[in-house]
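A structural walkthrough
Read off the chains here:
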Amino acid sequence: MSSLLLVEDDVRISQPLVRMLQAEGFTVVHADCGQAALEAIANSVPDLVLLDLSLPDIDGLDICRRLRALHPALPIVMLTARNEEVDVVVGLDSGADDYITKPFRVAELTARIRSRLRASQASDPPVTEPEQIGALRIDRAARRAWFANDELALAPKEYDLLVLLASRHGETLRRELIMNEVWDENWWGSTRTLDTHVATLRRKIGDTKDPPEHIITVRGIGFRYEAG
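An account of the accompanying structure is given in this report.

So, how was this worked out
- Residues numbered from 1 in each chain as written.
- Predicted model: local features only at pLDDT ≥ 70, side-chain atom pairs only at ≥ 80, totals over all residues.
- Heavy atoms only, no water.
- Helix = DSSP H or I, 4+ residues; strand = E, 2+ residues; numbered from the N terminus.
- Buried < 20%, exposed > 50% of the residue type's maximum accessible area, 1.4 Å probe, protein only.
- Contact = heavy atoms within 4.5 Å.
- Areas by Shrake-Rupley, 256 points an atom, 1.4 Å probe, with all protein chains shown as cover.
- Pairing = 2+ DSSP bridges.
- Axes fitted to C-alpha atoms, helices over the stretch in contact; angles between N-to-C directions.

Attention shifts here to the overall build of the chain. In terms of helices and strands, the chain carries 8 helices and 12 strands. Expressed as a percentage of its 228 residues, the buried residues of the chain come to 47%. Long-range pairs, those at least 24 residues apart, make up 58% of the contacts in the chain between residues at least 6 apart in sequence. Accessible surface computed for the chain: about 11200 Å², of which carbon and sulfur atoms make up 48%.

Below, the structure is given as structure tokens:
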């Protein structure tokens, strides 16, 4: 049975959500503020965190950064009423794996949770030596990546996306294939998530020219990585 930490201060949301998640077979611990969340994780690390961004004591983005630094592989799904793209980008850049905007359907939320749990339990194939792809170096065993000798601070899905694109460099990958490989074939959300991750990756590797040099948009099809 997978364990979840729900960080949500609004009892009108948290109480029914805890009951519904428990009915879905999850073990749920509830924290009503950021400090309580940090204390709960210090006592026992859950399989996944559902994190509200609007908390009364510590900003949810700061909590996300702290959790990612302490537990790099811990899946984090943001719960937010903010639906502007800039907030989504900042949240994902803070280390979240996914986000869902309130109000949401329980079926969609549980599908996202199960998708993140499956992804976190999957392991990369063993690789004895880091791969060098142009200026990019990838160590799959350690789930680390460097660009031009600078280590990249990547959220889990950013790493997965970069590895997929780079490992098939020179090949145009369709959006549907990328979503299936990096997220899940049962993904419920918008493919805007993919565009947000691509934009963040470009910024992190310094691919800021117009048009980009490394992560190329192939209009109407998908994306291609050029090693250069």
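In sheet architecture, strand pairing relies on hydrogen bonds along the backbone and comes in two forms, parallel and antiparallel. With antiparallel pairing, the 4 strands of this open sheet are ordered in space as 6-7-8-9. The open sheet terminates on both sides in strands that have one partner only, identified here as strand 6 (131–133) and strand 9 (150–151). Relative to strand 7 (residues 136–139), strand 6 is paired through 3 bridges, and the arrangement is antiparallel. Among the inter-strand pairings, Gln132 is bridged to a residue of strand 7, identified as Arg137.

Let us look at the sheet that holds strand 1 (residues 3–7). Across the sheet, which stays open at both edges, the 5 strands sit in the order 2-1-3-4-5 with parallel pairing between neighbours. Edge positions in the sheet fall to strand 2 (27–31) and strand 5 (98–101), since each of these pairs with one other strand and no more. Within the sheet, the average angular offset between the axes of one strand and its neighbour, ignoring direction, is 20°. In this structure, strand 1 lies alongside strand 3 (residues 48–52), joined through 4 bridges in parallel fashion. Among the inter-strand pairings, Val7 is bridged to a residue of strand 3, identified as Leu51. Relative to the sheet, helix 3 (residues 60–70) contacts strand 3 and strand 4 (76–80), its axis offset from that of strand 3 by approximately 160°.

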